[in-house]
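Read off the chains here:
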Amino acid sequence: MSQEKKQEKNPPNEKMESIIALCKRRGFVYQGSEIYGGLAGTWDYGPLGVTLKRNIEGLWWKMFVDDREDMYGVDAAILMNPNAWVASGHVGGFSDPLVECAKCKKRFRADHLSDKAKCPECGGLLGEERQFNMMFKTNIGATEDAGSVTYLRPETAGGMFVNYKNVVDSFHPKLPFGLAQIGKAFRNEIAPRDFIFRVRELEQMEIEYFVRPDTWEVHFELWRKSMWDFIEALGIDKDHVHELEVADGDRAHYSKRTIDFEYDYPFGRKELYGLAYRTDFDLKSHQGGSKQNLEYFDEETKEKFLPHVIEPSLGVGRTMLAVLNDAYTEDEMGGEKRVYLKLNHRIAPVQAAVFPLLKNKPELVAKAREVYASLKEEIGRVSFDDNGNIGKRYRRQDEIGTPWCITIDFDTLGEKPELLDTVTLRNRDTGAQERVAVRELVARIR
Ligand code: GAP
């Protein structure tokens, strides 16, 4: 976790506004609890957003868990024994510097202000800087005393460290190996902002990769490369991502080396992901806190030691915002302005849409339904649309990033015998259309 660059208030940003408007209009992301006026720092994913999010998570899980032999997935509870957060250093130190304005009472992150004396909103005097712990507290059970306090996890990492021994005991993995988890984390951010960039309820895709202490540098480099591979697989332009070596003093308390992967968001260059060398900080702390022996016994060398940890940590929301920003495109097609999402086909919520040319011709609708059903079976994320004229249907699919549109017309039914059982396949990015045999569709789309 590096400190964000100094910044007070973001000026309105046209591209961000367009992305946010598209997300709401087309059911990707809505404001949390919107009908009650919202809840700061929370966002709800709609039908297309949840599919895009799951596709991103699915790609990550496939690349880093399913396709490897050295990774073990877990799904740990969000509520954990509070002693785990004492041992990890979060109760004592997971805080941001806070200042409050004496006049308007608004609170700011001190490290985001260039003038720490004057309120950026009303010009009033800012008070003393104090540390504000970002963990959400809650109570377990029917009593609300100090003994019942626990926390919503601030990082998914904790759930993996407390399960390290379980996985070692069940699977006896050889070093190096990793635990992986996708899940929610909660941070009471002082200033949530920039849409889904900084939120209070977030989702992380994290890996704790356990290595022999003397090999950490090799594995750090391997994970550095893997993170770039993932960025590429998402379809994000690598020129929009930049590594930042986080300086001493700016790193999280557990890290000896951190590289932030920063992305050029419309509101500036900001942290997308982090890659940290956590040493044996966590296992040592949890060994002390739990009084359990967490040492690893190497069968070959007969040595006992605490493995060190490399942690690639990825935010799901920040990934989605980077993906949407890279994909958002405005151009002109057929003399009209068009907005489309140039999403990678792997993660597009809908991979292909099937249309009957006319909805009041039962024979066209029946054939289109047949093609739709077979594609849905083979490909999965396929939709059917018979609403409005074909041009409008193309625009609707372009706007949500559907790479392919398939139109069933009278030629499909054999009006021109040589075109029997062929359809029009239209490419989202170029608008180019070609005639393709129905039996070739799956291969083409894949
Ligand atoms: N386990 C290490 C860890 O949590 P971090 O840098 O604090 O490190 C990792 O967070 C990633 O989680 C970030 O790179 C970012 O992608 C995401 N993230 C962190 N705080 C966030 C927030 N408030 N809103 C959205 N994403 C956040």
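Model, not experiment: these values are computed from the prediction.

Novice: In this structure, what is going on with the domain arrangement of the chain? I would like to understand it.
Specialist: Interfaces are frequently sized by the accessible area removed from exposure as the parts join. Here the chain is described as being made up of domain 1 (3-79 + 157-324) and domain 2 (350-445). Relative placement of domain 1 and domain 2: their C-alpha centres are 38 Å apart. Taken together, the seven residues of domain 1 in the interface contact five residues of domain 2. Both sides of the domain 1 and domain 2 interface together cover about 520 Å² of buried area, and 53% of this is carbon and sulfur. Broken down residue by residue, the surface that domain 1 buries against domain 2 is led by Arg 26, Leu 48 and Asn 55, which jointly contribute 63%. A salt bridge links Glu 399 to Arg 25, with the shortest nitrogen-to-oxygen separation between them at 2.4 Å. The set of elements that each furnish at least two residues to the side of domain 1 that touches domain 2 consists of α1 (14-25) and α2 (47-66).

Novice: What exactly am I supposed to notice about the packing of α1 against helix α9 (residues 316-327) here?
Specialist: Packed helix pairs are characterised by how far apart their axes lie and by the angle those axes make with each other. Running from amino to carboxyl end, α1 crosses α9 at an angle of 105°, the nearest separation of the two axes being 11 Å. The orientation of α1 with respect to α9, classified from their angle, is roughly perpendicular. Counting all contacts with α1, which are made through Lys 15, Met 16, Ile 19 and Cys 23, the residues of α9 involved are Leu 321, Leu 324 and Asn 325. When grouped by side-chain class, the residues that make up the contact of α1 with α9 number five nonpolar, one polar and one charged.

Novice: Which parts of the structure should I look at to understand helix α10 (residues 362-379)?
Specialist: Along an α-helix, a turn takes 3.6 residues, which lines up residues three or four apart on a common side. End to end, α10 covers 25 Å across 18 residues, agreeing with the expected 26 Å (1.5 Å per residue, within 8%). Every buried residue of α10 is listed here: Leu 364, Val 365, Lys 367, Ala 368, Val 371, Tyr 372, Leu 375 and Ile 379. Along the axis of α10, the buried residues cluster in a sector spanning 165°; they form a single face. Away from the buried face of α10 by more than 90 degrees, exposed residues Pro 362 and Glu 377 are located. For α10, the elements touching its buried residues are β19 (352-356), β20 (382-384), β21 (404-408) and α12 (441-445). Once α10 ends, the next one or two residues include Gly 380, with phi positive near 100°.

What counts as what
Residues numbered from 1 in each chain as written. Predicted model: local features only at pLDDT ≥ 70, side-chain atom pairs only at ≥ 80, totals over all residues. Heavy atoms only, no water. Domains from an automatic or database assignment. Contact = heavy atoms within 4.5 Å. Buried area = accessible area lost by both parts, 1.4 Å probe. Salt bridge = Lys/Arg side-chain N within 4 Å of Asp/Glu carboxyl O. Helix = DSSP H or I, 4+ residues; strand = E, 2+ residues; numbered from the N terminus. Axes fitted to C-alpha atoms, helices over the stretch in contact; angles between N-to-C directions. Parallel < 35°, antiparallel > 145°, perpendicular 65-115°, else oblique. Nonpolar A, V, L, I, M, F, W, Y, C, P; charged D, E, K, R; others polar. Expected span 1.5 Å × (residues − 1). Buried < 20%, exposed > 50% of the residue type's maximum accessible area, 1.4 Å probe, protein only. Arc of directions from axis to C-beta.

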